Amino acid sequence: MKKAESKKDWTLSPGAFNKFLAWLDEGADSAGQNYLEMRNRLVSYFDRKNCLAPDELADETLNRVARRLEEEGAIESDTPAKYCYITAKFVFMESLRQKASVSLDDVLANPKTVGLMTSEPNDEAEIKEKRLECLENCTNKLESASRDIIFRYYYGKERLKIENRRLLAVNLQVSMNALAIRACRIRDKLEVCVGKCVG
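Residues numbered from 1 in each chain as written. Predicted model: local features only at pLDDT ≥ 70, side-chain atom pairs only at ≥ 80, totals over all residues. Heavy atoms only, no water.

Once that is clear, we can look at the packing of aromatic side chains. Tallied over the full model, the rule gives 6 aromatic pairs. Considering the side-chain rings of Tyr45 and Phe46, the 5.1 Å spacing of their centres and the 70° angle between planes classify their relative orientation as edge-to-face. Taking the relative accessible area as the measure of exposure, Phe46 reaches 0% and is therefore buried. One aromatic cluster is present, formed by Phe17, Phe20, Trp23, Tyr35 and Tyr83 through successive ring pairs. Positioned above the aromatic ring of Tyr153, the side-chain terminus of Arg165 is 3.7 Å from the ring centre. (Phe/Tyr/Trp six-rings, centres within 6.5 Å; stacked < 30°, edge-to-face > 60°. Buried < 20%, exposed > 50% of the residue type's maximum accessible area, 1.4 Å probe, protein only. Lys NZ or Arg CZ within 6 Å of the ring centre and 35° of its normal.)

Here you go:
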């Protein structure tokens, strides 16, 4: 837990940033051009994924890579561009999980599911935190295919959500009705799991 908190509180120092720039340049000083190009490519990547804040996700990706570089001293497993894209995929999946948590919040707010509505009002933040923690744990227990379906099914709002569901149905080669039934079953499984975890 402490390690996670320290990572969350980590800030990019001038020294770490310079080291990151040198790593991106791979021995040839580009005067920051490689950094700007990589950032633009990451913004485009998140934009193609229909993310609401592609700039923020690109910055988060670069910060994580810089932090890893500072912690490890070197990253030699992949080229800078490839490693940045690998990290971007993780950042994208986390953003989907956060969206799914918000979209499924009505499940968690159900008194039958939560079983904690008799708590004092000042415990609300604690209850919500517990619900989200349980949702994350239960989602992680799903098979990867089911997890992918539920994330994509609830991602976005209004037209974006409808379009995402249509594309998901096409990818799975099922009708929209069959997709809705499948998502409902996964959601029911999550609801039971969250209820047991919280209650």
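Let us now look at the state of the cysteines. The full count for this structure, using the stated rule, is 2 disulfides. Sulfur-sulfur distance for the disulfide between Cys134 and Cys197 comes to 2.1 Å. Taking the sign of the S-S torsion, about -70° here, the bridge from Cys134 to Cys197 comes out left-handed. Placement of Cys134 in helix 8 (residues 124-141) and of Cys197 in helix 11 (residues 176-198) is noted, with a sequence separation of 63 residues between them. Residue Cys197 is classed as partly exposed on the basis of its relative accessible area, which comes to 28%. The disulfide partner of Cys138 is Cys193, and the gap between their sulfur atoms is 2.1 Å. The S-S bond linking Cys138 to Cys193 shows a torsion near -85°; that makes this disulfide left-handed. (Disulfide = S-S within 2.5 Å. Helix = DSSP H or I, 4+ residues; strand = E, 2+ residues; numbered from the N terminus.)

Take unusual backbone geometry next. Working note: non-glycine residues mostly have negative phi, and peptide bonds are mostly trans. The phi angle at Gln173 is positive, at roughly 60°, despite the residue not being glycine. Here Gln173 falls in the exposed class, since its relative accessible area comes to 74%.

Across its 15 residues, helix 10 (residues 158-172) extends 21 Å between first and last C-alpha, which sits within 8% of the 21 Å expected from 1.5 Å per residue. Among the residues of helix 10, those classed as buried are Asn164, Arg165, Leu168 and Ala169. Taken down its axis, helix 10 places every buried residue within 135° of arc, on the same side. With respect to the buried face of helix 10, the exposed residues turned more than 90 degrees away are Arg159, Ile162, Val170 and Asn171. Looking at the buried residues of helix 10, the elements they touch are helix 9 (144-154) and helix 11. The first or second residue beyond helix 10 is Gln173, which carries a positive phi of 60°. (Expected span 1.5 Å × (residues − 1). Arc of directions from axis to C-beta. Contact = heavy atoms within 4.5 Å.)

Using the criterion set out here, one finds 9 salt bridges in the structure. Salt-bridge contacts for Asp55 lead to Arg39; the nearest nitrogen and oxygen are separated by 3.4 Å. Here Asp55, found in helix 4 (residues 54-72), pairs with Arg39, found in helix 3 (residues 33-48); they are 16 residues apart in sequence, far enough to count as distant. Overall, Asp55 belongs to the partly exposed group, its relative accessible area being 38%. Residue Arg67 pairs with Glu71 through a salt bridge whose shortest N-O separation is 4.0 Å. Residue Arg67 and its partner Glu71 are both found in helix 4; the two are separated by 4 residues, about one turn of the helix. (Salt bridge = Lys/Arg side-chain N within 4 Å of Asp/Glu carboxyl O.)

Quick look at the environment of Lys49 now. Relative to the elements of secondary structure, Lys49 occurs in the loop between helix 3 and helix 4. For Lys49, a relative accessible area of 33% puts it in the partly exposed group. Put simply, Lys49 and Phe92 are 43 residues apart on the chain and 8.3 Å apart in space, counted from C-alpha to C-alpha.

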